[in-house]
Amino acid sequence: MTFSDIESHAREPAPSAVEDGAASGPAARTRAEREALKLEKRLCRQVGQAIVDFNMIEEGDRVMVCLSGGKDSYGLLDVLRRLQARAPIRFELVAVNLDQKQPGFPAEVLPNYLQALGIEHHIETQDTYSIVKAKIPEGKTTCSLCSRLRRGILYRVARELRCNKIALGHHRDDMLQTFFLNMFFGGKLKGMPPKLASDNGEFIVIRPLAYVDERDLVAWAEHRAFPIIPCNLCGSQENLQRQQVGEMLRQWQRQHPGRIESLFTALQNVVPSHLMDARLHDFRHLQAGGVFDADGDKAFDEEPIAPPPVPV
Ligand code: SF4
């Protein structure tokens, strides 16, 4: 049996919604409860769909779910547990948090949360904060060293916990922002992949929230009352460029509803012959084939623009 069955299961009402206190009959439900149930179904459906589309989780996988204490990683763990409970395949989830000893980090919050839910977990405590502070001069960006240290530690922990996959809480908006950041500042058409081997070649890194709108994660975190840990404890200046690109995308969406969905669909609908990367399309040896090709060049005619896609 494959994971593809999980997606059809994800369309069914989630039993956990009842456990979580939703009323038993539709008439008795308040509007907020109905909205929460719809949101839960949407999240499960989108995560299930991403898992199927990219074959992210397979029978026997042991998945390390990286938990930072932010809304995205809480949402990821929460939805993966719901899917795990009704999946026709067997896989394991291990929640892992790296306590980097940032000042004010409430070390008890995540262990308490995970213990209360009975989730297999591991808290790794490593004072990378002091290393970064000692090595990087005041005023310089600390993120590159910090994330390199964090990556090495998480790989070691994944190995020690015998995990073969690492799940991260990046969502659709993170992926689009990365795409534009790479284009604006890196001169590359390159996004954030839903699934890729880790740079040390040892693990498969997956992003099951790839289809999820960040606003849904905000709403889900509020509904579930996750004990959120602030993300600015390291004192690093927030990534200004990412913030600016995020605001640009939100403004586009306000002015032209559906634009985000269209952009995101474009990431899954690449036409190498109509770009200019000779490594992806063999322009050098191109010959006229002598037969009609609907995707061939329209010469002086404008390319027809497809209608906007239906959001996932
Ligand atoms: S924002 Fe802070 S914790 Fe995050 S990578 Fe940068 S320095 Fe590290």
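What counts and what doesn't
Residues numbered from 1 in each chain as written. Predicted model: local features only at pLDDT ≥ 70, side-chain atom pairs only at ≥ 80, totals over all residues. UniProt positions renumbered as here; feature names shortened; annotations may be inferred. Helix = DSSP H or I, 4+ residues; strand = E, 2+ residues; numbered from the N terminus. Pairing = 2+ DSSP bridges. Axes fitted to C-alpha atoms, helices over the stretch in contact; angles between N-to-C directions. Near = placed C-beta within 6 Å. Nonpolar A, V, L, I, M, F, W, Y, C, P; charged D, E, K, R; others polar. Expected span 1.5 Å × (residues − 1). Buried ≥ 20, exposed ≤ 12 C-beta atoms within 10 Å, placed from the backbone. Arc of directions from axis to C-beta. Contact = placed C-beta atoms within 7 Å.

Per an unreviewed UniProt entry, the protein chain goes by the name tRNA-cytidine(32) 2-sulfurtransferase and belongs to Ottowia pentelensis.

1. Description of the UniProt feature "short sequence motif: PP-loop motif" (unreviewed entry) in the protein chain
Taking the UniProt record as the reference, the feature "short sequence motif: PP-loop motif" (unreviewed entry) is found at residues 68–73. For the annotated span residues 68–73, helix accounts for 50% and strand for 0% of the residues, and the straight-line distance between the end C-alpha atoms is 6 Å.

2. Quick word on the sheet that holds strand β6 (residues 204–206)
Reading across from one edge, β3-β2-β1-β4-β6-β5 is the order of the six strands in this open sheet, with mixed pairing throughout. Either end of the sheet is taken by a strand with one partner, and the two such strands are β3 (121–125) and β5 (195–197). Neighbour-to-neighbour, the strand axes of the sheet open up by a mean angle of 25°, direction not taken into account. With three bridges connecting them, strand β1 (residues 62–66) and strand β4 (residues 165–167) associate as parallel partners. Within the sheet, the bridge partner assigned to Val65 lies in β4 and is Ala167.

3. Remarks on the site of the ligand
Thr142, Cys143, Cys146, Ser147, Cys234 and Ser236 make up every residue found near the ligand. Looking at the shell around the ligand residue by residue, the class counts come to three nonpolar, three polar and no charged.

4. With respect to helix α7 (residues 143–160)
When the terminal C-alpha atoms of α7 are compared, their 25 Å separation across 18 residues agrees well with the 26 Å that a helix rising 1.5 Å per residue should span. Of all the positions in α7, only Cys146, Leu154, Val157 and Ala158 are classed as buried. Burial along α7 is one-sided: seen end-on, the buried residues are contained in an arc of 95°. In this structure, α7 carries Ser144, Arg148, Arg156 and Glu160 as exposed residues pointing more than 90 degrees from its buried face. Residues of α7 that are buried make contact with β1, β2 (92–99), β3, α6 (128–135) and β4. Arg162, located one to two residues past α7, shows a positive phi value of around 60°.

5. Side note on the environment of Gln241
Mapped onto the elements of the fold, Gln241 is located in helix α10 (residues 240–255). Along the sequence, Gln241 and Phe185 sit 56 residues apart, while their C-alpha atoms lie 9.2 Å from each other. Residues contacting Gln241, with those up to four places away along its chain left out, are Leu181 and Phe185.

6. So, unusual backbone geometry
Positioned with a positive phi, Arg162 is a non-glycine residue whose angle comes to about 60°. Residue placement: Arg162 occurs in the loop between α7 and β4. The backbone of Ala299 sits at a positive phi, close to 50°, despite the residue not being glycine. Structurally, the position occupied by Ala299 is in the segment after α11 (259–267). Take Ala299: there are 5 C-beta atoms within 10 Å of it, and that puts it in the exposed class.

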